[in-house]
Amino acid sequence: MTPQKILLIILDGASDRPVDGATPLQSAKKSNLDALAKNGICGIMDTISPGVPPGSATAHLAIFGYDPYKYYTGRGPFEAAGVGLEVRKGDVAFRCNFATARDGKIVDRRAGRIRDTKELEKAVNEGVDLGIEFQFRAGTAHRGALLLRAPGLSSDVTPTDPNKEGVPAGRTKATSKKGEKTARIMNDFTAQVAKVLDKHPINKKRASEGKSPANILLLRGAGVVPHIPPFEEKYGLRSAAVAAAGLIIGIARICRMNFIPTEGATGGLDSNLDNKIKNASDALDKYDFVMLNIKGADEAGHDGDFKAKTEFIGKIDDALGRLPRREDILTVVTADHSTPVSVKNHSGDPVPLIISGNGVRVDGVEKYDEINCARGGLNRLRGMDLMPILMDLLGKGKKFGE
Ligand code: ZN
Ligand code: ZN
């Protein structure tokens, strides 16, 4: 039978460079991923374009078939959607940090890694009046997002987050005439928030306990919310996303995928992979396209921890072994970018890719890693090529010409 549905598994940052002759993927125990490679067609993929280190957001957009150069307008809108704010085209959104200021200087950019900030969120939303519509939403730990809604807003502003400690903070400047209104509102917001937070009982208590008070909100990643055509409209596929990282959830939401929360999913090395894989697999009953993002390997890559990365890939593989076999789906495994442990950041190296399912031209590749997949039948693709190939395998390709 022709496959009807797609399970797209994105092993965030799993791709790497060799250390002492082997990459974490080459070193990991991964019989299930290798079996998928053996029964599928493989290749390598430049999610943006050759040599360009992708961010997670731009890479995911490209893999979903949205040109990131057109639709990625900054991190703010995606973070805002990720924490559950209802973003609309033209809104300006920011990432926020609760931080600690003393005598006008930032002394702790994470406010002592404060945990529960819901009460502070409420105080900000109730106590600040900007004369325009706005919403602040706290995220995990010290993080959050801010959304401004008014005519004439722009992202032509500098961040109020100095990205280091021991320096003054809290004022933004417009970088063009267009940004002046937004800069005024941001400075007003910052000043009012400082007053609200300063007198808040939570902060009084924190100060008396010798903890850093969360007495300022820093803004960065300004972006104008783009209009992104909904995934279902673009492909005619009902779609869902299983993910834990706020940014990835935000991308899924902005593309109007249905977000399915998972108990125990953390986005880290301690995430409950069984629950995530079960959720994704169950979602295939209801949806035609399910994206599963597993984040941990990226974290280990940023930490430069080869062993943790290799072991985590082994854990993913083990959990994938419990994925039920289905005749009606295409299973796709890839990464959004490489996060080499030797680089501790994203690199421009292409990522390995498998498409497995009925109808694919199985090639001779028997292992899922950066080196073996480079010999596969898909050769070398760009991220934007993936969805057309998958649509064609579903029998839904659009014929060009007669
Ligand atoms: Zn990523
Ligand atoms: Zn990363």
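What you see is a predicted model, and the numbers here were worked out from it, not measured in a lab.

Visitor: Looking at this model, I keep getting lost on the coordination of the zinc ion (ligand 2). Mind explaining?
Guide: For a metal with four tetrahedral donors the ideal donor-metal-donor angle is 109.5 degrees, whereas six octahedral donors ideally subtend 90 or 180 degrees. For the zinc ion (ligand 2), the protein coordination sphere consists of Asp 298 (OD), Asp 298 (OD), His 302 (NE2) and His 346 (NE2), at 2.0 to 2.4 Å. Taken together, the four donor atoms coordinating the zinc ion (ligand 2) span angles of 56 to 145° at the metal, a pattern that classifies the geometry as irregular. Between the donor residues of the zinc ion (ligand 2), the gaps in sequence give the motif D-x3-H-x43-H. For the pair the zinc ion (ligand 2) and the zinc ion (ligand 1), the metal-to-metal distance amounts to 4.6 Å. Of this pair, His 302 sits in helix α12 (residues 296-302) while His 346 sits in the loop between β11 (329-334) and β12 (351-356), and the two are 44 residues apart along the sequence. Residue His 302 is classed as partly exposed on the basis of its relative accessible area, which comes to 30%. Since its relative accessible area comes to 17%, His 346 is described here as buried.

Visitor: I'm lost on the coordination of the zinc ion (ligand 1) in this one. Help?
Guide: Around the zinc ion (ligand 1), the protein contributes the donor atoms Asp 12 (OD), Ser 56 (OG), Asp 336 (OD) and His 337 (NE2), at 1.9 to 2.0 Å from the metal centre. Its four donor atoms give the zinc ion (ligand 1) angles of 99 to 132° at the centre, a pattern that matches the tetrahedral case. Mapped onto the sequence, the donors of the zinc ion (ligand 1) take the spacing D-x43-S-x279-D-H. For Asp 12, a relative accessible area of 0% gives the class buried.

Visitor: Whenever I open this one, the nonpolar core confuses me. Can you help?
Guide: Nonpolar side chains in soluble globular proteins generally cluster together in the buried interior. One finds Leu 8, Phe 64 and Phe 289 to be the most contacted residues of the largest nonpolar core, which totals 51 residues. Both domain 1 (5-72 + 227-393) and domain 2 (79-224) contribute no fewer than three residues apiece to this core. For Phe 289, the residues in contact, after removing those within four places along its chain, are Ile 6, Leu 8, Phe 64, Phe 231, Leu 237, Arg 238, Ser 239, Ala 240, Met 257 and Met 387. Judged by nonpolar contacts, the second largest core, of 36 residues, contains Ile 277, Ala 283, Ala 319 and Leu 320.

Visitor: I tried to follow the pairing of strand β3 (residues 92-102) on my own but got confused; where do I start?
Guide: Regular strands have side chains that alternate between both faces of the sheet. Where burial is concerned, most of β3 is hidden: nine out of the 11 residues are buried. Both β3 and strand β6 (residues 143-149) contribute to a ladder of six bridges, which runs antiparallel. Each residue of the ladder has a partner; that of Phe 94, found in β6, is Leu 146. Where β3 meets strand β7 (residues 216-224), seven bridges bridge the pair, whose relative direction is antiparallel. What sits directly across from Ala 93, in β7, is Gly 223. Across three bridges, the pairing between β3 and strand β4 (residues 105-108) is antiparallel. Paired with Arg 102 across the two strands is Lys 105, which belongs to β4. Hairpin connection of β3 to β4: two residues between the antiparallel strands, including Asp 103 at a positive phi of 50°.

Reading the values: the criteria
Residues numbered from 1 in each chain as written. Chains lettered and ligands numbered in written order. Predicted model: local features only at pLDDT ≥ 70, side-chain atom pairs only at ≥ 80, totals over all residues. Heavy atoms only, no water. Donors = N, O, S within 2.8 Å, 3.2 Å for Na, K, Ca; no water. Tetrahedral: all angles 85-135°; square planar, octahedral: opposite > 155°, others 65-115°. Helix = DSSP H or I, 4+ residues; strand = E, 2+ residues; numbered from the N terminus. Buried < 20%, exposed > 50% of the residue type's maximum accessible area, 1.4 Å probe, protein only. Core = buried A, V, L, I, M, F, W, Y, C linked by side-chain atoms within 4.5 Å. Domains from an automatic or database assignment. Contact = heavy atoms within 4.5 Å. Pairing = 2+ DSSP bridges.

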